[in-house]
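Commentary on secondary and tertiary structure
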Amino acid sequence: MSSLEQHNLSRDDIIHVLKGMNIDLVPNTKVNAARLKTRLGEALDAAQRFSTTFPDDPDAVGGINLSNYPLWKKRTPVVDAFTRRTWAAIFQDNREYEDQRQLAFPRLIQLIPDIGKDMDQKRIGYVVLKDMTVFRALIIRFFSTFEIDEKTPLVLCNYAVVEEEDEETLEDSIADLTPEDQRGRAYPMTDVEQNLFVTLLSLNRKHLSPRFRLPAVVRDDRCDVGFILPIGSLNMKDVIRLSKIGDCPLCGEETHHTCKACLSARYCGRDCQREDWRNHRSLCRTISTGKWYNITLEPNPFSALMSRMYKTSITRYYDDSDENQSPGAEVLDEAPPNYHGDAYYLVKLQVPLGADANQVLVYDQFKTFELHLSEAKNPEAFIAALFAVAREQKMYRWVHREGEWEWKICFDRIPERLPTW
Ligand SMILES: [Zn+2]
Ligand SMILES: [Zn+2]
């Protein structure tokens, strides 16, 4: 058995894991490993809805003291409580993964409800996650389930990573730690997937109050302690918040240097500016040489059906679990929140199927808004948009938010790298 410190995700692993959580960093990011680890921790907290589950920030009040919570009353099976489907997950299902490591998070959020299913059937259980290509296993042993609230079980556990030379020795080591009568299912999981689970458990452990006395049964010199909570895809608000690391787009450090061509991108210095040029070039030229139109977007005004669809899409960036946050009918009068801040970003433009050709649908990657560009409000920009839509199958353009319903957009510069959404 080796020390858990050796089972940290590498910097490159973290970049891919984050990508699997929809957090897309620039391709050649120079953000240091420490910042990336912090970001992964924030992303895992968000995936477990920490801020809504524990409205008093556990770290600010000295950590979660489990002695203050009752045991899970089993009004809901753990498997159901652990299953948190969100609109974001539906986007996730349709994603293409260019690296196996990007599946680590989607697999983790499938695995946890599966474990819940096992737990509903047994009071105490083990789960073994095996990677037979490197003869490595993560063994997790589950103890008490606490009731944080009616919908949220917290399962206290301990765990160990076992790494051996061959299959037989690995099976022997697993048997040492898991009495046969309590052994749960064994799942195949790659070492990166195991490491992500270890990271989750060890970061969760840090949220526990030192005043909480661990039950004797949980203490085992061979194992570390952690807990699991329901987990699901990040909501869009978190995805956008967590996709930006610091100020300099490449390394995250403070910025002192502005791109002279567009006066928009800021960097820590010339080195990062030079290295980011491949990413920035297309936007830079669009800002500095393109023709920009000021436009006013609006909710689709013309049918009840479409306004329902608008409301459905807007809920995608809220938690489905949080009913209070679901917008009501009045949302059509409210401008969508600005999750992009002062950044330039891409939107997709489409002529809606079966609609009159006097509107163009405009939305961003995560559909934080889905609005229309109408001929009536934007006569000049509308012609430019139709002209472009007629030539391109899928039309993406750079925009910048200027006000509640106002954006600016450039039609005559096509982004160099077209997204796939
Ligand atoms: Zn930098
Ligand atoms: Zn520039």
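Residues numbered from 1 in each chain as written. Chains lettered and ligands numbered in written order. Predicted model: local features only at pLDDT ≥ 70, side-chain atom pairs only at ≥ 80, totals over all residues.

Before going further, it helps to spend a moment on the packing of helix α1 (residues 11–20) against helix α2 (residues 33–47). In contact at an axis separation of 10 Å, α1 and α2 are set at 35° when each is read in the N-to-C sense. Note on packing geometry: the crossing formed by α1 with α2 is left-handed. On α2, the residues that touch R11, I14, I15, V17 and L18 of α1 are A33, L36, K37, R39, L40 and A43. Among the residues making up the contact of α1 with α2, the classes are represented as eight nonpolar, no polar and three charged. (Axes fitted to C-alpha atoms, helices over the stretch in contact; angles between N-to-C directions. Helix = DSSP H or I, 4+ residues; strand = E, 2+ residues; numbered from the N terminus. Left-handed = near helix turned anticlockwise from the far one by under 90°. Contact = placed C-beta atoms within 7 Å. Nonpolar A, V, L, I, M, F, W, Y, C, P; charged D, E, K, R; others polar.)

What follows concerns the UniProt feature "domain: MYND-type" (unreviewed entry) in the protein chain. In the UniProt entry, the feature "domain: MYND-type" (unreviewed entry) is given for residues 248–284. When the span residues 248–284 is considered, its composition is 41% helix and 11% strand, and the gap between its end C-alpha atoms is 16 Å. (UniProt positions renumbered as here; feature names shortened; annotations may be inferred.)

It is a general feature of regular strands that their side chains alternate between the two faces of the sheet. As paired elements, strand β2 (residues 125–131) and strand β3 (residues 136–149) share seven bridges and run antiparallel to each other. Bridging from a neighbouring strand, G125 pairs with F142 of β3. Strand direction decides the pairing type here: β3 and strand β4 (residues 152–163), joined by eleven bridges, are antiparallel. Considered in β4, the bridge of T145 is made with V155. The hairpin turn running from β3 into β4, its antiparallel successor, is two residues long. (Pairing = 2+ DSSP bridges.)

Now for unusual backbone geometry. Located in the positive-phi region is F135, a residue other than glycine, with phi close to 50°. In this structure, F135 sits in the loop between β2 and β3. If you check the backbone angles, L263 has positive phi at about 55° while not being a glycine. Secondary-structure assignment places L263 in the loop between β8 (257–258) and β9 (266–267). On the basis of neighbour counts, which here come to 11 C-beta atoms within 10 Å, the residue L263 falls in the exposed class. (Buried ≥ 20, exposed ≤ 12 C-beta atoms within 10 Å, placed from the backbone.)

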